[in-house]
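A structural walkthrough
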Amino acid sequence: DQPPRLHRNFVYINDGDGVASSPIRVMQWNILAQALGVGADNFVRCPLEALSWSRRKNLILEEILAYRPHILCLQEVDHYYDTFQPVLANLGYSSHFCPKPWSPCLDVEGNSGPDGCALFFDESRFELLDSASIRLSAMMIPTNQVAVVTTLRCRSTGKYVCVAATHLKARSGWEWLRSAQGSDLLWHLQNLVQELVGGDSNVQVPLLICGDFNAVPSEEVYRRFATSPLGLDSAYKKLSQDGASEPEYTTWKIRGTGECCSTLDYIWYTKGTLRVDAVLDMPDEEQIGPNRLPSYSYPSDHLSLVCDFSFREKE
Ligand code: NDP
Ligand code: CA
């Protein structure tokens, strides 16, 4: 009785820069906290049964296993210790989790703890150098949003890559807070990179920043990332014809307050050191269906973003 998973294809990007030998696959996904899905979101067109944890857990794990990313960044994780950490550890992933200080999950009856950001990496591909949990600040004041920042070394090439997973403040009216949180994260990353290169400005550290930014591309926080001195670009732009526009949506849901179809999730990468080899396309409107997301065929209101990257060779 279970409908098939949404079928999506990889779009291969030809930047005329040689063939990818063994790309690094990265997945970004807000998986929808179980407590929020049943207790706060009010997805009026999604049957309660489709929101049951037993069903959603299987669909979330199937989605991850279908793509087998080397690096996996998740938001709204409220089943880390009982599900994702142990299951993915068995599949060879090492991980770090940072709960939100005042998770809204805790207000939901029967919750399973706070939600937060989790960052997983394939231990056969990468060696852990360091990982930190960061509580994002806005004008020196700590906020309720966090990031996990992990520095890895690729076992085959010996190259470093620094990865961040984050989930910025939601809802309209908070654009200024998202912008401040984004600036704080950029500041942390800049410091980390400085530390890694030890002041040698000729060395560039590849960075990947995955998140639910809760911001459309016209927002200030998006502009701050796009114009940062770190030299970042957003990978999903590669899906568009001109390579310059974001997809039409990364989340599509119907709440009691109405329909919401927008682009809020991103994979940022340093364009001087990393190359996008492939991008997983977005399902179309017909595949998503008239009741939108989540549904019996897809467990979250946010779509997963999956990209293959390789290190750019120095000229
Ligand atoms: P956010 O506004 O960032 O949103 C939290 C979650 O709500 C997100 O996961 C978001 O999902 C989801 N969400 C967004 N829009 C809606 C909507 N229209 N309906 C339902 N859910 C939505 O929350 P904060 O982190 O700022 O935390 C807010 C809550 O945290 C408060 O309600 C309070 O319960 C608690 N809190 C308690 C404090 C205390 O002192 N006790 C202090 C601070 C917070 P998505 O990202 O997918 O859009
Ligand atoms: Ca949500």
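Quick note: structure is the one above.
What this report covers is the structure whose coordinates are included nearby.

Criteria and cut-off values
- Residues numbered from 1 in each chain as written.
- Chains lettered and ligands numbered in written order.
- Predicted model: local features only at pLDDT ≥ 70, side-chain atom pairs only at ≥ 80, totals over all residues.
- Heavy atoms only, no water.
- Helix = DSSP H or I, 4+ residues; strand = E, 2+ residues; numbered from the N terminus.
- Rg over C-alpha atoms; globule rule 2.2 N^0.38 Å.
- Buried < 20%, exposed > 50% of the residue type's maximum accessible area, 1.4 Å probe, protein only.
- Contact = heavy atoms within 4.5 Å.
- Areas by Shrake-Rupley, 256 points an atom, 1.4 Å probe, with all protein chains shown as cover.
- Lys, Arg positive; Asp, Glu negative; His and termini not counted.
- Charge placed at Lys NZ, Arg CZ, Asp CG, Glu CD.
- Near = heavy atom within 4 Å.
- Polar contact = N/O pair within 3.5 Å; in protein donor to acceptor, adjacent residues only side chain to side chain.
- Nonpolar A, V, L, I, M, F, W, Y, C, P; charged D, E, K, R; others polar.
- Salt bridge = Lys/Arg side-chain N within 4 Å of Asp/Glu carboxyl O.
- Donors = N, O, S within 2.8 Å, 3.2 Å for Na, K, Ca; no water.
- Pairing = 2+ DSSP bridges.
- Axes fitted to C-alpha atoms, helices over the stretch in contact; angles between N-to-C directions.

**With respect to the overall build of the chain**
- Across its full length, the chain carries 6 helices and 15 strands.
- For the chain, whose C-alpha radius of gyration is 18 Å, the value lies close to the compact-globule estimate of 20 Å for 315 residues.
- Overall, the C-alpha framework of the chain stretches about 55 × 45 × 40 Å when taken along its three principal axes.
- Across the 315 residues that make up the chain, the buried fraction comes to 55%.
- Sequence-distant contacts, at least 24 apart, represent 75% of the contacts inside the chain between residues at least 6 apart.
- Here the chain has roughly 13,900 Å² of accessible surface; of this, 49% comes from carbon and sulfur atoms.
- Distance between charge centres in the chain, computed from 28 positive and 39 negative side chains, equals 2 Å.

**Concerning the site of ligand 1**
- The local shell around ligand 1 holds 19 residues, among which Lys100, Asp107, Asn144, His167 and Lys169 are the closest.
- Interatomic distance of 3.4 Å between a side-chain N/O atom of Asn30 and an oxygen atom of ligand 1.
- Taking Asn144, its side chain carries an N or O atom lying 2.7 Å from an oxygen atom of ligand 1.
- In the complex, the protein chains occlude 71% of the 920 Å² of accessible area that ligand 1 would expose alone.
- The class makeup of the residues in the shell around ligand 1 is 5 nonpolar, 6 polar and 8 charged.

**Concerning the pattern of salt bridges**
- Summed over the entire model, instances satisfying the criterion amount to 16 salt bridges.
- Note that Glu127 and Arg153 form a salt bridge whose closest N and O atoms lie 3.2 Å from each other. Placement of the pair is Glu127 in strand S6 (residues 126-138) and Arg153 in strand S7 (residues 141-154), with a sequence separation of 26 residues.
- By relative accessible area, which is 27% here, Glu127 ends up partly exposed.
- Here Lys237 makes a salt bridge to Asp233, at a shortest N to O gap of 2.9 Å.

**As for the coordination of the calcium ion (ligand 2)**
- Donor atoms from the polypeptide that bind the calcium ion (ligand 2) are Glu76 (OE) and Glu76 (OE), placed at 2.2 to 3.1 Å.
- For Glu76, the position within the fold is in strand S3 (residues 71-77).

**Remarks on unusual backbone geometry**
- The peptide bond linking Leu293 to Pro294 adopts the cis configuration, its omega dihedral lying at -10°.
- Checked against the element boundaries, Pro294 lands in the loop between helix H6 (285-288) and strand S15 (305-311).
- Although it is not a glycine, Asn42 sits at a positive phi angle of roughly 60°.
- Within the element layout of this structure, Asn42 appears in the loop between helix H1 (34-39) and helix H2 (53-67).
- Since its relative accessible area comes to 47%, Asn42 is described here as partly exposed.
- If you check the backbone angles, Met140 has positive phi at about 75° while not being a glycine.
- Mapped onto the elements of the fold, Met140 is located in the loop between S6 and S7.
- Residue Met140 is classed as exposed on the basis of its relative accessible area, which comes to 80%.

**Structural notes on the pairing of S15**
- Burial analysis of S15 places 7 of its 7 residues in the buried class, the great majority of the element.
- Residue alternation in S15 divides its side chains into two sets, Leu305, Cys307, Phe309 and Phe311 and Val306, Asp308 and Ser310, and both sets are buried.
- Note: strand S2 (residues 24-30) against S15, 5 bridges, orientation antiparallel. Bridging from a neighbouring strand, Met27 pairs with Val306 of S15.
- With 5 bridges connecting them, strand S14 (residues 274-280) and S15 associate as antiparallel partners. Bridging across to S15, Val279 finds its partner in Cys307.

**Here we look at the sheet that holds strand S9 (residues 207-212)**
- In space, the 6 strands of this open sheet follow the order S6-S7-S8-S9-S13-S10, with mixed pairing throughout. The strands lining the two open edges of the sheet, one partner per strand, are S6 and strand S10 (232-234). Pairwise comparison of adjacent strand axes, ignoring direction, gives a mean angle of 20° for this sheet.
- In this sheet, S9 lies alongside strand S8 (residues 160-167) in parallel orientation, the contact comprising 6 bridges. Directly across from Val163, in S9, lies its bridge partner Leu208.
- Helix H4 (residues 175-197) rests against S6, S7, S8, S9 and S10 of the sheet, and its axis sits at about 145° to S6.

**Comments concerning the pairing of S2**
- Within S2, 7 of the 7 residues are buried, which leaves it mostly tucked inside the rest of the structure.
- Here S2 shows a buried face lined by Ile24, Val26, Gln28 and Asn30 and a second buried face lined by Arg25, Met27 and Trp29.
- Here 5 bridges tie S2 to S3, and the two strands are oriented parallel to one another. Pairing of Trp29 across the sheet is with Leu74, part of S3.

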